[in-house]
Amino acid sequence: PPLATGRVRPASPPFAPSGPSAAMAATVDMRVLPNLPGYSLPQEKERHPRGQTFNQVNGVRMELSRGERPKFVKAIKPVETWRTGSLPDSHTRATFKQAVAEDGVQQCELPAWDAFDRHVLRFYGYFKEAVVESNLENSRVRNVVIYYYLEDDTCHVIEPREDNSGIPQGQLLRRHRFPGNHSESGYLKPEDLRVGEDLSVYGKTIKITDADPFTRSYFEQAGMPQGTAEAAEADAFRRTREAMKENSALAPRSYEKIYREVMLGGGHINADMQQFLENDRKVLRFFAIMDDLQTPQFERRPFILLYFLADDTVEIREMYPLNCGRDNFPIFFRKGKLAIGDYKVMGPQAQPRPRKDFVDGRNWSVGMTITLLTNNRFFLYDADDFTREYFANELGTELEPRIDVTLPERAVTRAQTPPYTGYGTWDDSMSSVTHLIPKPPQKNFVKLFQHEGKILRAKARFANPKAEDVDRVFVISYFMQDDCVSIHEPPQRNLGIVTGRFLEKAVHVNQLTGKFFTPDDLVPGGSVKVYNHEFHILDVDEYTRKLFENPNHQFNTYDAESVLQKLRESMRQQFPLVRDVFRRFDKDHDGVVSAGEFKECLEKFGFANLPEDFVLGLMKNFDGCRDGQISYNEFCDALLDEDFPVGMLKTKAPVDSRPDPDFAERASYKVVERSETAAVRKAVIALGNIVAKRENMLTRIIKEFRHITHEDVATLEQVSAVLLATGN
């Protein structure tokens, strides 16, 4: 018979057991039981896959939760960078290019977190708060700032902090999506924020009075301009604070007023307290020096003398110069009363000194020498601007201008260079003199590139020859690339002397001048002396004569077409990919090859001494748009052949190496522009490292800006002053 599960029990074999154990062995499938009212059975799953949340929408990688649809906005489509070459566009791409909006601007959809990244709407407003515990005011106006983040439609409200308000201020509502009554989604939208209207959120009614310029421009582009700004209401507390800043006492406090008050039985004021209230945070600052004669070597030590007008105390600070060798303890005398004359330690039962026995900074002046702390003589050579204004306005005396107290630079005696020993080259010998551990001398590669292959030759004879040396003739060769000199004696018939190399090529000293050989030593009519052999210069060759007349003369002529073909072939052999070749010659990695980098490229392949006009002429064939620099696309077009040419055996255009003054001017301008861009990039990176890599540095910088200016922008001088004040 069928079981309760709906299955038919198979027939038992002859040897199958029977009884209660057989009934317990039968299995029941719970999934086929009917759903009876009031009973529910767990749903068993055979597979448990995890949902995929990563997806790519419109070319942007996004993480989407199940059932969530991201917020997309329309944005201007970026410029098409697809390069089709000589072939026409495909049908799909041509159709895609024709999809233009009605206003003629191509648009695309982007996720809101990408298109509206760091786009924040800022509104200003206020709300009234009832005051029931005071009889001086009924309500208080509290100003707030509303921030609306377009990327995720979240908001948060902050209240600017005010001094002595007695109210916890700062963030009133944390960032989240505010509920809205006028929108279909139930959340606040940008359209719900209007200048001049009320915003009700969590039982508070905020009156929106103004918006920042970015917010107004955003709504104007959307076709919903905001209203005019409204003035915030002023409560009794705010009016009282403003009156305290503007209004003053009817009659200023004077000695006559104090006398009248004392005569009437009042006005007994504390003199020290009155001095503190009038002169708090007013400090006279003088700059001084002290000639320290107690050290083995004379030293002029700079100091700053501070006189506090609030309590007539003095503090002396020492300004340590760089690498002075002293411990960094700037407090030379701690703030306190400083007696005139010898410094004495007073006991607990000693009588207090009168005020006239202490130092008074009002008696100091620029150019004065004062003796403090028994035997320390300070010379005052300058004062700050506040001190000069205080002396001019309060004391009626003008301080002298700054006095220059800088010492002349000490002449450091340099040890005399020992004479050349003759072992090795001159540079090797000097390396053992300048370094404790000798290092191999460095070659001047710039000079090697500029003067490669330039050899000056002069014909010479002995100045005071012997009888057998009268007919001997020598050729002195000077190599401009490394300043080496060699002397060769050409063969002559029936001379009777073995000719050939007379002096090996090396760096030698002209004994007549005591210096190395220079091109000026080979002037015809002059004399040179090397290894006690004096030679008289008779004549020079034509190459040397032309080089003396014009040092920048170019003797070699180059075929522009041949040079360009060799350059292309050498570049192709550098790397298999053109991208790697371009990166090899783009030294500063700015995406373009400038005139200097192109010249270095020519020098690498053996064209070191090409004229400037010839180099710019070759560069012009690489620069397709003639903007003075070679981009990657232009580099590829000049180096590679077309993939699908229209004609057979198509060749490159002929080389135009004619000088172009306009192109040379644009190339030099691009070099200057790139150097300025690199300097700006370096400064921005350094400024970012200051802010990011130092703890609380951004807070300190903002605090310093608030001390210097109240405006939203800062000048270059103010930025420099802030960085200097923060130790950068």
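Note that the structure is a prediction, hence the values are computed from the model and not measured. (Residues numbered from 1 in each chain as written. Predicted model: local features only at pLDDT ≥ 70, side-chain atom pairs only at ≥ 80, totals over all residues. Heavy atoms only, no water.)

## Section: the side chain of Gln169
Structurally, Gln169 can be placed in the loop between strand E7 (154–159) and strand E8 (170–176). We classify Gln169 as buried; its relative accessible area is 12%. Side-chain polar atoms of Gln169 contact the backbone nitrogen of Glu162, separated by 2.7 Å. When residues no more than four places from it in sequence are discounted, the contact partners of Gln169 are Glu159, Pro160, Arg161 and Glu162. (Helix = DSSP H or I, 4+ residues; strand = E, 2+ residues; numbered from the N terminus. Buried < 20%, exposed > 50% of the residue type's maximum accessible area, 1.4 Å probe, protein only. Polar contact = N/O pair within 3.5 Å; in protein donor to acceptor, adjacent residues only side chain to side chain. Contact = heavy atoms within 4.5 Å.)

## Quick notes on the sheet that holds strand E20 (residues 500–506)
Spatially, the 6 strands line up as an open sheet ordered E20-E19-E18-E17-E24-E23, and their pairing is antiparallel. The two strands at the open ends of the sheet, each matched to only one other strand, are E20 and strand E23 (527–530). With direction set aside, neighbouring strand axes in the sheet form an average angle of 30 degrees. Of the strands in this sheet, strand E17 (455–462) and strand E24 (533–540) touch helix H11 (residues 542–549), which is tilted by about 115 degrees from E17. (Pairing = 2+ DSSP bridges. Axes fitted to C-alpha atoms, helices over the stretch in contact; angles between N-to-C directions.)

## Concerning the packing of helix H13 (residues 578–585) against helix H16 (residues 632–639)
As a packed pair, H13 and H16 sit with axes 11 Å apart at the nearest point and diverge in direction by 120 degrees. In this structure, H13 crosses over H16, and the sense of that crossing is right-handed. Here Val578, Arg579, Val581 and Phe582 of H13 lie close against H16, whose contacting residues are Tyr632, Phe635, Cys636 and Leu639. For the contact of H13 with H16, the residue count by class is 7 nonpolar, no polar and 1 charged. (Left-handed = near helix turned anticlockwise from the far one by under 90°. Nonpolar A, V, L, I, M, F, W, Y, C, P; charged D, E, K, R; others polar.)

## Let's talk about the environment of Val615
As for its placement among the helices and strands, Val615 is situated in helix H15 (residues 612–622). The class for Val615 is buried, based on a relative accessible area of 3%. In the structure, Val615 is positioned 19 residues away from Gly596 in sequence and 9.8 Å away in space, judged by C-alpha atoms. When sequence neighbours within four positions are dropped, the list of residues in contact with Val615 reads Phe598, Lys599, Leu602 and Leu610.

## Concerning the packing of aromatic side chains
In the structure shown here, the tally under the stated rule is 20 aromatic pairs. Arranged with centres 5.9 Å apart and planes meeting at 85 degrees, the rings of Phe502 and Phe535 form a pair that is edge-to-face. Of this pair, Phe502 sits in strand E20 while Phe535 sits in strand E24, and the two are 33 residues apart along the sequence. What makes Phe502 partly exposed here is its relative accessible area of 30%. (Phe/Tyr/Trp six-rings, centres within 6.5 Å; stacked < 30°, edge-to-face > 60°.)

## Description of the nonpolar core
Among the nonpolar cores identified, the biggest contains 31 residues, and Leu567, Met571, Phe598, Leu602, Leu618, Phe622 and Phe635 are the most heavily contacted of them. Elements represented by at least two residues in this core include exactly helix H12 (560–572), H13, helix H14 (595–604), H15, H16 and helix H17 (661–692). Here this core takes 6 residues from H15, the largest share from any one element. Tyr307, Val314, Ile370 and Ala383 belong to the second largest nonpolar core, which has 24 residues in total. (Core = buried A, V, L, I, M, F, W, Y, C linked by side-chain atoms within 4.5 Å.)

## Thoughts on the sheet that holds strand E5 (residues 120–130)
On the basis of which strands lie adjacent, the open sheet formed by 6 strands has the order E8-E7-E6-E5-E10-E9 and antiparallel pairing. Taken across any chain shown, the strands that pair with only one partner, and hence form the sheet edges, are E8 and strand E9 (198–201). This sheet shows a mean twist of 30 degrees between the axes of neighbouring strands, independent of strand direction. Examined bridge by bridge, E9 and strand E10 (residues 204–211) share 4 bridges and lie antiparallel to one another. Considered in E10, the bridge of Val201 is made with Lys204. The strands touched by helix H4 (residues 213–221) within the sheet are E5 and E10, with E5 carrying the most contacts at an inclination of about 115 degrees.

## Looking at the pattern of salt bridges
Summed over the entire model, instances satisfying the criterion amount to 28 salt bridges. Close ionic contact of Lys128 with Glu233 constitutes a salt bridge, the shortest N to O distance being 2.8 Å. Note that Lys128 is positioned in strand E5 and Glu233 in the loop between H4 and helix H5 (236–246), a separation of 105 residues in sequence. On the accessibility criterion, Lys128 (47% relative accessible area) is partly exposed. Among the residues examined, Glu233 registers a relative accessible area of 38% and is labelled partly exposed. With a closest N to O distance of 3.1 Å, Arg301 and Asp292 form a salt bridge. Overall, Arg301 belongs to the buried group, its relative accessible area being 10%. A cluster of three or more residues bridged by salt bridges with shared partners is formed by Asp292, Glu299, Arg301, Glu318 and Arg326. (Salt bridge = Lys/Arg side-chain N within 4 Å of Asp/Glu carboxyl O.)

## As for the environment of Ser594
If you trace the backbone, Ser594 turns up in the loop between strand E25 (592–593) and H14. Owing to a relative accessible area of 15%, Ser594 belongs among the buried residues under this scheme. In this structure the C-alpha to C-alpha distance between Ser594 and Ile630, which are 36 residues apart in sequence, comes to 6.6 Å. Each residue touching Ser594, except ones within four places of it in the same chain, is listed here: Met619 and Val671.

## A few points about the confidence of the model for the chain
Overall, the predicted model of the chain reaches an average pLDDT of 81, with 85% of residues at or above 70. Throughout residues 1–17 the model reports pLDDT below 50, and contacts reaching past four residues in sequence, or to other chains, amount to 7 contacts. (pLDDT = per-residue confidence, 0-100.)

## Details of the pairing of strand E18 (residues 474–479)
For E18, the buried fraction is high: 5 of the 6 residues fall into the buried class. In terms of strand pairing, E17 meets E18 through 6 bridges, oriented antiparallel. Following the sheet pairing, Ala458 is matched in E18 by Ile476. Remark: 4 residues form the turn of the hairpin made by E18 and strand E19 (residues 484–489), two consecutive strands paired antiparallel; Asp483 in that turn has positive phi of roughly 60 degrees.

## Concerning the packing of H14 against H15
One way to put it is that H14 packs onto H15 with a least axis distance of 10 Å and a crossing angle of 100 degrees. Taken together, the axes of H14 and H15 lie roughly perpendicular to each other. On H15, the residues that touch Ala595, Phe598, Lys599 and Leu602 of H14 are Glu612, Val615, Leu616, Leu618, Met619 and Phe622. Grouping the constituent residues of the contact of H14 with H15 by class yields 8 nonpolar, no polar and 2 charged. (Parallel < 35°, antiparallel > 145°, perpendicular 65-115°, else oblique.)

## Observations regarding unusual backbone geometry
The phi angle at Arg281 is positive, at roughly 65 degrees, despite the residue not being glycine. With respect to the element layout, Arg281 can be found in the loop between helix H7 (271–279) and strand E11 (283–292). Overall, Arg281 belongs to the exposed group, its relative accessible area being 79%. The phi dihedral of Thr374 is positive, around 80 degrees, even though this residue is not glycine. Within the secondary structure, Thr374 is located in the loop between strand E15 (369–372) and strand E16 (376–383). Given the relative accessible area of 38%, Thr374 is considered partly exposed.

## Considering a nonpolar patch on the surface
Together, Met273, Phe276 and Leu277 give the surface a local cluster of nonpolar side chains, amounting to about 310 Å² of exposed area. Along the chain, Met273 turns up in helix H7. For Met273, a relative accessible area of 43% gives the class partly exposed. (Patch = residues over 30% accessible without salt bridge, like charges linked within 9 Å, V, L, I, M, F, W, Y side chains within 5 Å. Areas by Shrake-Rupley, 256 points an atom, 1.4 Å probe, with all protein chains shown as cover.)

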